[in-house]
Amino acid sequence: ARAGRDAAQREWLAGGVSNFDYLLEVNRLAGRTFNDLQQYPVFPWVIADYTSAELDLSSPATFRDLTRPMGALDQPPPTPPP
């Protein structure tokens, strides 16, 4: 599985496959399939703007902060320890 993952990653990094196709391959390597609702493929939630009629893909405001988990997006960042 590692060889398949490494090959898929190299092809994606070289621009040989789209983000969508790469994520489909990662899901397939993880055993996820559209044929089993218990193991349905997973795709990241990256869009933050659900109100605009047209998305501006060049604007950082269109995308959510991927450094934080979904559950923490509406909370202030934690204070670093002293």
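Structure: see above.
Residues numbered from 1 in each chain as written. Predicted model: local features only at pLDDT ≥ 70, side-chain atom pairs only at ≥ 80, totals over all residues. Heavy atoms only, no water.

Here we take up the packing of helix 1 (residues 2-13) against helix 2 (residues 19-29). Running from N to C, helix 1 and helix 2 cross one another at 175 degrees; their axes reach a closest spacing of 10 Å. Judged by the inter-axis angle, helix 1 sits roughly antiparallel to helix 2. Residues G4, R5, A8, Q9 and W12 of helix 1 form the contact with helix 2, whose participating residues are N19, Y22, E25 and L29. Across the contact of helix 1 with helix 2, the residue classes tally to 4 nonpolar, 3 polar and 2 charged. (Axes fitted to C-alpha atoms, helices over the stretch in contact; angles between N-to-C directions. Helix = DSSP H or I, 4+ residues; strand = E, 2+ residues; numbered from the N terminus. Parallel < 35°, antiparallel > 145°, perpendicular 65-115°, else oblique. Contact = heavy atoms within 4.5 Å. Nonpolar A, V, L, I, M, F, W, Y, C, P; charged D, E, K, R; others polar.)

This part covers the environment of T79. In this fold, T79 is placed in the segment after helix 2. Using a relative accessible area of 73% as the deciding quantity, one classes T79 as exposed. When the C-alpha positions of T79 and A48 are compared, they lie 24 Å apart, and in sequence the two are 31 residues distant. (Buried < 20%, exposed > 50% of the residue type's maximum accessible area, 1.4 Å probe, protein only.)

Another point: a nonpolar patch on the surface. A contiguous nonpolar patch, built from F20, F34, L37, Y40 and F43 and spanning about 560 Å² of accessible area, is present on the exposed surface. Note on placement: L37 falls in the segment after helix 2. Judged by relative accessible area, which is 73%, L37 ranks as exposed. (Patch = residues over 30% accessible without salt bridge, like charges linked within 9 Å, V, L, I, M, F, W, Y side chains within 5 Å. Areas by Shrake-Rupley, 256 points an atom, 1.4 Å probe, with all protein chains shown as cover. Salt bridge = Lys/Arg side-chain N within 4 Å of Asp/Glu carboxyl O.)

All right, on to the environment of G31 then. Summarising the element assignment, G31 is placed in the segment after helix 2. Take G31: its relative accessible area is 47%, and that puts it in the partly exposed class. For the pair G31 and P41, spaced 10 residues apart in the sequence, the C-alpha separation amounts to 8.7 Å.

Before going further, it helps to examine helix 1. The end-to-end C-alpha distance of helix 1, which contains 12 residues, comes to 16 Å, matching closely the 16 Å that a straight helix rising 1.5 Å per residue would cover. G15 sits one or two residues past helix 1 and shows a positive phi near 80 degrees. (Expected span 1.5 Å × (residues − 1).)

Now for the pattern of salt bridges. Enumeration over the complete set of coordinates arrives at 2 salt bridges. A salt bridge links R5 to D6; its shortest N-O distance comes to 3.3 Å. You can call R5 partly exposed: its relative accessible area is 39%. The partly exposed category is assigned to D6, whose relative accessible area is 22%. Here E25 and R28 are joined by a salt bridge, their closest N and O atoms 2.6 Å apart. One end of the pair is E25 and the other is R28, both in helix 2 and 3 residues apart, which spans about a single turn. With relative accessibility at 24%, the residue E25 sits in the partly exposed group.

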